[in-house]
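Letter by letter, the chains look like this.
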Amino acid sequence: QVQLVESGGGLVQPGGSLRLSCAASGRTFSSYAMGWFRQAPGKEREFVAAISGGGWRTYYANSMKDRFTISRDNAKNTVYLQMNSLKPEDTAVYYCAAKFSSLSIHVNEYEYWGQGTQVTVSS
């Protein structure tokens, strides 16, 4: 029902910035809350940020709240993750995900997932 494609990952130096994008299919994009998750090698997938269908409510992991910003443009069926002041520990594959109705921070509540985009923070 929903297909998601992430883009915008790459190699950046510590302290740098990246903006990830996630393009979604369908014409009911605003009915879905969207989330960003990440997974580093040898670690569990962890919550990063989420946004409600209309874009009015957001939620962040505490360690990322002051550095990352989630937003969406429903006219473009796209959700974004602006990442600033990147650190080596931010290195991971970043995934966008969708779930119907209200936002959630729990990975197992999301129905649809993108393929992921690699973010590497290294000098």
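Here we summarise the structure given alongside this text. Counting restarts for each chain: residues are numbered from 1 in the order of the written sequence. Only residues with pLDDT of at least 70 get local features here, since the model is predicted, and only at 80 or more are side-chain atom pairs given and counted; chain-wide, interface and lining totals rely on the full set of residues. Here the side-chain values reflect all heavy atoms present in the structure, with hydrogen atoms and water set aside.

This paragraph deals with the pattern of salt bridges. By salt bridge we mean one thing: a side-chain nitrogen of Lys or Arg within 4 Å of a carboxyl oxygen of Asp or Glu. All chains considered together, the criterion is met by 3 salt bridges. For the salt bridge of Arg38 with Asp90, the shortest nitrogen-to-oxygen distance reads 2.9 Å. On the criterion of sequence distance, the pair formed by Arg38 in strand S4 (residues 32–39) and Asp90 in the loop between strand S8 (78–83) and strand S9 (92–100) is long-range, its members being 52 residues apart. For the pair shown, Arg38 and Asp90 are each scored as buried. Secondary structure elements follow DSSP: runs of H or I of four or more residues count as helices, runs of E of two or more count as strands, with numbering from the N terminus. With a 1.4 Å probe rolled over the protein chains alone, any residue whose accessible area is under 20% of its type maximum counts as buried; one over 50% counts as exposed, and the rest are partly exposed.

This brings us to the side chain of Ser104. With respect to the element layout, Ser104 can be found in the loop between S9 and strand S10 (112–113). The class for Ser104 is buried, based on a relative accessible area of 5%. Polar contacts, as used here, are pairs of N or O atoms within 3.5 Å; protein pairs need one atom able to donate a hydrogen and one able to accept it. Residues neighboring in sequence count only if both atoms are side-chain atoms. Of note is the side chain of Ser104, whose polar atom sits 2.8 Å from the side chain of Glu109. Not counting chain neighbours up to four residues away, the residues in contact with Ser104 comprise Phe47, Ala50, Lys99, Glu109 and Tyr110. It only takes one pair of heavy atoms within 4.5 Å for two residues to be counted as in contact.

This brings us to the packing of aromatic side chains. Think of it this way: a Phe, Tyr or Trp ring, Trp meaning its six-membered ring, pairs with another when their centres are within 6.5 Å, and the plane angle makes it stacked under 30 degrees, edge-to-face over 60, tilted otherwise. Applying the stated criterion across every chain yields a total of 8 aromatic pairs. Here Phe37 and Phe47 contribute two aromatic rings whose centre-to-centre distance is 5.7 Å and whose plane-to-plane angle is 70°, an arrangement assigned as edge-to-face. Of this pair, Phe37 sits in strand S4 while Phe47 sits in strand S5 (residues 46–51), and the two are 10 residues apart along the sequence. Accessibility expressed as a relative area gives 0% for Phe37, which makes it buried. Classification of Phe47 as buried rests on a relative accessible area of 12%.

On their own, these measurements won't tell you what the molecule is for.
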